Structure formats: structure tokens, C-alpha cells
Amino acid sequence: MPLPPGQRAVEGFPRFGTHLHHPPPPVPEHPVIEIDGAVTAPVTLSETDLAQLPRQRMEADFHCVAGWSATGLVWEGTPFTTFYRLRVEPALRPGATISHVVFEGLDGYQSVVLLEDALADDVLIADRLDGQPLNSDHGAPVRLVSPRQYGFVNTKHLCRIEFHTSPPADPDKWSPLAAHRRARVWEEERHRYLPARVVRPIYHRLIGPIRALSARGSEKRAR
Ligand SMILES: Nc1nc2c(c(=O)[nH]1)N[C@H]1C(S)=C(S)[C@@H](COP(=O)(O)O)O[C@H]1N2
Ligand SMILES: [Mo]
């Protein structure tokens with residue numbers, strides 16, 4: 001499988017992200033996913049509720065916007081489409097047309113995704129990686145996996161999903177690193193306003209420092 005434009009394969013699968021100076025958030029004793037937004041009433045799904053949904057196993061590469069790719073990962077979980085049809089659609093306010101979805105992690109991290117991208121057939125709410133339960137570096141207890149979108153879409157430690165009928169408030173709007181709203185790796189949609197060839201070398205240079213921070217965050221947990 002060739003890599004998308006501007007990506008380089010790395011050995012293994014590093015822990016990475018913007019909250020890396022912190023250790024990964026502890027997994028609650030009884031993890032839940034809250035469903036909120038354009039619903040008649042918020043819904044809380046337990047692990048048991050999730051476990052009852054159909055499951056899928058998928059091999060995929062993982063592409064970080066900074067330019068590294070981890071290859072041949074095997075994920076298992078519930079397809080997001082299935083989750084949406086079975087658990088979200090019945091709870092929506094009558095007549096609500098969803099356009100955007102906000103995925104939030106236990107560390108406060110958020111990604112905003114177009115519903116149309118979230119409904120792609122390879123998007124999973126994953127709880128296993130390479131045959132093991134997800135560890136805390138990679139998003140325990142569950143994470144979003146959307147392999148055709150850059151890593152930053154793939155929210156780890158998922159605890160809340162909000163469904164919106166218009167673009168949600170955007171804290172990223174004036175950030176110099178404003179992420180692309182679709183973030184499709186094969187279209188190289190890295191930055192919201194700047195062309196990929198401009199940001200590629202800048203992002204590449206961020207990998208080293210960010211990985212150093214990540215290792216510190218993981219050590220803090222181990223201690
Ligand atoms: N909750 C949470 N999810 C997150 C992040 C984060 O900091 N916190 N970082 C994102 C980024 S930028 C990337 S590249 C991937 C990295 O996933 P990994 O740590 O499993 O390699 O997670 C994404 N999801
Ligand atoms: Mo990333």
C-alpha cells in the first residue's frame with residue numbers, strides 16, 4: 001500500500017498529540033460515551049451498551065498531519081455508521097439534519113468532523129489495537145479511528161460525541177496551525193488556509209519536539 005503524499009513511514013506506533021506533556025487520562029472504572037447536541041435528551045452509553053453493537057476488524061495505516069505514518073495497524077470496534085444508525089438517529093430531534101460531529105476525549109481534546117466524513121465505511125469507534133485492548137497511550141478505553149483522515153481527527157479516550165446542525169464554535173479559527181476541516185490524507189488537506197507544500201516542511205520539523213514531550217507524558221504515567 002503506497003503512503004499518501006508527503007508522509008514517511010515510522011517504526012511502530014508512537015504516542016502523539018497536542019496534550020502530550022500530560023500523562024494519558026486515567027480510565028474511569030465505568031467508562032461511558034455521552035451523546036449530546038441535536039438530540040431530544042442526552043444519551044449515556046455504557047461499555048455494555050457498546051459491546052452489544054455489531055463489530056468490525058480492519059487493517060489500516062495511520063497518518064499524522066506532521067508527516068509520520070504508522071503502517072499495518074489492526075483495529076477492532078464498532079463501525080461509526082452502525083453506531084449512528086442504531087443509537088444516534090433514533091435519539092435525534094425530529095427534523096434535525098446533522099452536518100457536524102464533535103468528538104471529545106477525557107483529556108478535553110476535541111475534533112470536529114463533517115458527518116459525511118464520519119459516516120465513511122472505515123470509521124470505527126475502536127476498543128482494540130493489534131489484538132489487545134487499547135492501551136492508554138493509544139486512547140483507552142475507546143477512540144475514533146478514521147484512517148482516511150489525518151491523526152488529529154482520531155480523538156482518543158472518547159467520552160462525548162455531539163451532533164450539530166451547523167458548524168460548531170471554532171476555537172482553532174485564528175490558530176497558526178488551524179487544522180483543515182476535512183483533513184483527507186489522500187487530498188493532503190493539512191492546513192485550513194495554507195497549501196500542503198507550504199506547511200509540510202514546518203510540520204515535519206515539529207515531529208521531534210512533540211515526540212520528546214510525548215515520551216515525557218508516558219513516563220509520568222509509568223512512574
Ligand atoms: N484525546 C486526544 N486525542 C488525540 C490527540 C490528543 O492529544 N488527545 N492527539 C491527536 C493527534 S494530533 C494524533 S497524530 C493522534 C495520535 O494518536 P496516537 O497517540 O495513538 O499515535 O491522536 C489524535 N487524537
Ligand atoms: Mo497529529
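Keep in mind that this is a model prediction, so the values were computed, not measured. (Residues numbered from 1 in each chain as written. Chains lettered and ligands numbered in written order. Predicted model: local features only at pLDDT ≥ 70, side-chain atom pairs only at ≥ 80, totals over all residues. Heavy atoms only, no water.)

*Asks:* Can you lay out the pairing of strand 8 (residues 124-129) for me, pointing to particular residues and giving the numbers?
*Replies:* As judged from the 5 bridges shared by strand 5 (residues 68-79) and strand 8, these two strands associate in the antiparallel manner. By the bridge assignment for strand 8, W75 is matched with L129. Relative to strand 10 (residues 143-145), strand 8 is paired through 3 bridges, and the arrangement is antiparallel. Bridging across to strand 10, I125 finds its partner in L144. As paired elements, strand 8 and strand 9 (residues 132-133) share 2 bridges and run antiparallel to each other. Residue pairing across strands places L129 opposite Q132, the latter belonging to strand 9. Here strand 8 folds back onto strand 9, and the loop between the two strands holds 2 residues, one of which, D130, carries a positive phi near 50 degrees. (Pairing = 2+ DSSP bridges. Helix = DSSP H or I, 4+ residues; strand = E, 2+ residues; numbered from the N terminus.)

*Asks:* With reference to specific residues and values, describe the UniProt feature "domain: Oxidoreductase molybdopterin-binding" (unreviewed entry) in the protein.
*Replies:* The sites that carry the UniProt feature "domain: Oxidoreductase molybdopterin-binding" (unreviewed entry) are, in the present numbering, residues 30-167. Helix makes up 13% of residues 30-167 and strand makes up 43%, while its end C-alpha atoms are separated by 31 Å. (UniProt positions renumbered as here; feature names shortened; annotations may be inferred.)

*Asks:* Can you tell me about the sheet that holds strand 2 (residues 32-37), naming the residues and giving the values?
*Replies:* Taken together, 5 strands build an open sheet; the order of strands is 3-2-11-6-7 and the sheet is mixed. A single partner strand is all that each edge strand has here, and the edge strands are strand 3 (43-46) and strand 7 (110-114). Direction aside, neighbouring strands of the sheet carry axes that sit 20 degrees apart on average. Across 4 bridges, strand 2 lies against strand 3 in antiparallel orientation. (Axes fitted to C-alpha atoms, helices over the stretch in contact; angles between N-to-C directions.)

*Asks:* So what about the site of ligand 1? Which residues, and what values?
*Replies:* Within the structure, ligand 1 sits among 21 residues, and P14, D107, H138, R143 and K156 are positioned closest to it. Contact between ligand 1 and N154: a nitrogen atom at 3.0 Å from a main-chain N or O atom of the residue. At a separation of 2.5 Å, an oxygen atom of ligand 1 approaches a polar side-chain atom of K156. Burial of ligand 1 by the surrounding chains reaches 97%, relative to a free accessible area of 530 Å². (Near = heavy atom within 4 Å. Polar contact = N/O pair within 3.5 Å; in protein donor to acceptor, adjacent residues only side chain to side chain. Areas by Shrake-Rupley, 256 points an atom, 1.4 Å probe, with all protein chains shown as cover.)

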